[in-house]
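Structural features, examined
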Amino acid sequence: MKRPLITALALAAFASPAIAGDFASDSAESRLRGCLLAGSTTSSQATLEAKVIEVRAFCGAQINRVRDQRTAGLSGDAKSSAVRKLNTEIAQAIANFSGLKLDDAQDR
């Protein structure tokens, strides 16, 4: 009777860091999304370029946390690519939340 309980507790102890890591990552992504939504809908900027600058400043801590999680263990081109992908996702989210078009900012 004790052996299955001990085995279950041991497995739970080994699985906890993996589960906690996924939760922390999901939590950071969720906080960033909430911050981007709040910043995009309350921003006073009329152009997408200005709005992205303002919202990135507003959400700097959350952006840094997600960037650090996504680039952990990466270097060189892989790290640069992950950062560029995050930056694109941020601009797209701000465009979606604010109703401005991403294409307008890219044409300049």
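Below, the structure is looked at part by part.

What counts and how
Residues numbered from 1 in each chain as written. Predicted model: local features only at pLDDT ≥ 70, side-chain atom pairs only at ≥ 80, totals over all residues. Heavy atoms only, no water. Helix = DSSP H or I, 4+ residues; strand = E, 2+ residues; numbered from the N terminus. Expected span 1.5 Å × (residues − 1). Buried < 20%, exposed > 50% of the residue type's maximum accessible area, 1.4 Å probe, protein only. Core = buried A, V, L, I, M, F, W, Y, C linked by side-chain atoms within 4.5 Å. Contact = heavy atoms within 4.5 Å. Axes fitted to C-alpha atoms, helices over the stretch in contact; angles between N-to-C directions. Left-handed = near helix turned anticlockwise from the far one by under 90°. Salt bridge = Lys/Arg side-chain N within 4 Å of Asp/Glu carboxyl O. Parallel < 35°, antiparallel > 145°, perpendicular 65-115°, else oblique. Nonpolar A, V, L, I, M, F, W, Y, C, P; charged D, E, K, R; others polar.

Attention shifts here to helix α4 (residues 76-98). An α-helical turn contains 3.6 residues, so a residue and the one three or four places further along point in the same direction. In this model, α4 (23 residues) spans 33 Å end to end at C-alpha, consistent with the 33 Å of a helix rising 1.5 Å per residue. Within the span of α4, buried status applies to Ala82, Leu86, Ile90, Ala91, Ala93, Ile94 and Ala95. In the stretch just after α4, Gly99 is the one whose phi turns positive, near 85°.

On to the nonpolar core, then. Within the largest apolar cluster, 17 residues are counted, with the highest numbers of intra-cluster contacts made by Leu32, Leu36, Leu48, Cys59, Ile90 and Ile94. Elements with a minimum of two residues in this core: α1 (2-42), α2 (48-58), α3 (60-71) and α4. Looking at which element gives the most residues to this core, the answer is α4, with six residues. Among residues more than four places away in sequence, those in contact with Ile90 are Leu36, Arg56 and Ile63.

Packed helices, taken two at a time, are described by their axes: the angle between them and the distance between them. It is the contact of α3 with α4, at a shortest axis distance of 9 Å, that shows an interaxial angle of 140°. In terms of crossing hand, the pair formed by α3 and α4 is right-handed. Contacts from Ile63, Val66, Arg67, Arg70 and Thr71 of α3 reach α4 at Lys79, Ala82, Val83, Leu86, Glu89 and Ile90.

Okay, the pattern of salt bridges next. Within this structure, the stated rule accounts for four salt bridges. Residues Lys85 and Glu89 are paired through a salt bridge, measuring 3.5 Å at the closest nitrogen-oxygen approach. Pair noted here: Lys85 and Glu89 are both in helix α4, with a separation of four residues, about one helical turn. Owing to a relative accessible area of 52%, Lys85 belongs among the exposed residues under this scheme. We classify Glu89 as partly exposed; its relative accessible area is 31%. Salt bridges sharing partners connect three or more residues here, namely Glu29, Arg70, Lys85 and Glu89.

Our focus in this paragraph is the environment of Leu100. Structurally, Leu100 is set in the loop between α4 and α5 (102-106). Assessed through its relative accessible area of 27%, Leu100 is described here as partly exposed. Each C-alpha atom, one on Leu100 and one on Thr47, is 7.6 Å from the other, the two residues being 53 residues apart in sequence. If we ignore the near neighbours within four places in the chain, the residues touching Leu100 are Ala46, Thr47, Leu48, Lys51 and Ala95.

Take the packing of α2 against α3 next. At a minimum axis separation of 5 Å, α2 and α3 run at an interaxial angle of 80°. When the axis of α2 is compared with that of α3, the two are roughly perpendicular. For the pair formed by α2 and α3, the contact residues are Arg56, Ala57 and Phe58 on the first element and Gly60, Gln62 and Ile63 on the second. Looking at the contact of α2 with α3, its residues break down into three nonpolar, two polar and one charged.

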